Amino acid sequence: MEFFVSIVAMALMIIGAFGIIILKRPLDKVIMFSILDAGFVLAVVLFKYLDVAMFAALAGPLSTLVFILSIVKIKEIRTKKIASGDVK
């Protein structure tokens, strides 16, 4: 059973990594990062590093939130630059 769970963990990490590389929209990249993070936490749990898994499970949503806030802020700055005509 552990073998199949490890295959699922590797598949999640690979799908997330390729999704981050291939996709263009920033929010799609954040979704793929979350998928990669889920695979990573699953792999860490399989290796029985439960303290590391707990930290990764707590830090993952926080880093995703920071990514989303930075995307919103960058979009806001770009629209202000376009509206003011300050685009080079």
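Residues numbered from 1 in each chain as written. Predicted model: local features only at pLDDT ≥ 70, side-chain atom pairs only at ≥ 80, totals over all residues. Heavy atoms only, no water.

Student: Help me understand the environment of Ala-57 in this model?
Tutor: You can see Ala-57 is positioned in helix H3 (residues 50–84). When its relative accessible area of 42% is taken as the criterion, Ala-57 is described as partly exposed. (Helix = DSSP H or I, 4+ residues; strand = E, 2+ residues; numbered from the N terminus. Buried < 20%, exposed > 50% of the residue type's maximum accessible area, 1.4 Å probe, protein only.)

Student: Please explain the packing of aromatic side chains as it appears in this structure.
Tutor: Two descriptors summarise a pair of aromatic rings, namely the distance from one centre to the other and the angle between the planes of the rings. In the structure shown here, the tally under the stated rule is 2 aromatic pairs. A centroid spacing of 5.8 Å and a plane angle of 70° characterise the contact between Phe-3 and Phe-4, whose relative ring orientation is edge-to-face. Here Phe-3 falls in the exposed class, since its relative accessible area comes to 56%. On the basis of relative accessibility, which here comes to 54%, the residue Phe-4 falls in the exposed class. (Phe/Tyr/Trp six-rings, centres within 6.5 Å; stacked < 30°, edge-to-face > 60°.)

Student: Hey, could you run me through the packing of helix H2 (residues 26–46) against H3 in this one?
Tutor: Helix-helix packing is characterised by the crossing angle of the two axes and by the distance between the axes. For the pair H2 and H3, interaxial distance at closest approach is 9 Å and the crossing angle is 175°. Taken together, H2 and H3 sit at an angle that is classed as roughly antiparallel. Two secondary-structure elements touch here, H2 through Pro-26, Leu-27, Val-30, Phe-33, Ser-34, Asp-37, Phe-40, Val-41, Val-44 and Val-45 and H3 through Leu-50, Val-52, Ala-53, Ala-56, Ala-57, Gly-60, Ser-63, Thr-64, Phe-67, Ile-68 and Ile-71. In terms of residue class, the contact of H2 with H3 is made up of 16 nonpolar, 4 polar and 1 charged. (Axes fitted to C-alpha atoms, helices over the stretch in contact; angles between N-to-C directions. Parallel < 35°, antiparallel > 145°, perpendicular 65-115°, else oblique. Contact = heavy atoms within 4.5 Å. Nonpolar A, V, L, I, M, F, W, Y, C, P; charged D, E, K, R; others polar.)

Student: Hey, could you run me through the pattern of salt bridges in this one?
Tutor: Between side chains of opposite charge, a pair can form as their charged atoms come close. Applying the stated rule across the entire model yields 4 salt bridges. Two residues, Glu-2 and Lys-48, come together in a salt bridge whose shortest N-O distance is 3.9 Å. Within this pair, whereas Glu-2 is found in helix H1 (residues 2–22), its partner Lys-48 is found in the loop between H2 and H3, the two being separated by 46 residues in sequence. The pair formed by Glu-2 and Lys-48 is uniform in burial state, with each residue classed as exposed. Here Arg-25 makes a salt bridge to Asp-28, at a shortest N to O gap of 3.9 Å. Taken together, the shared-partner salt bridges connect Lys-73, Glu-76 and Lys-80 into one network. (Salt bridge = Lys/Arg side-chain N within 4 Å of Asp/Glu carboxyl O.)

Student: So what exactly am I meant to see when it comes to the packing of H1 against H2 here?
Tutor: The interhelical angle for the contact between H1 and H2, taken along N-to-C directions, is 155°, at an axis separation of 7 Å. If you check the angle between H1 and H2, you find them roughly antiparallel. Relative to H2, H1 is oriented so that their crossing is left-handed. Looking at the contact of H1 with H2 residue by residue, the class counts come to 18 nonpolar, 4 polar and 2 charged. (Left-handed = near helix turned anticlockwise from the far one by under 90°.)

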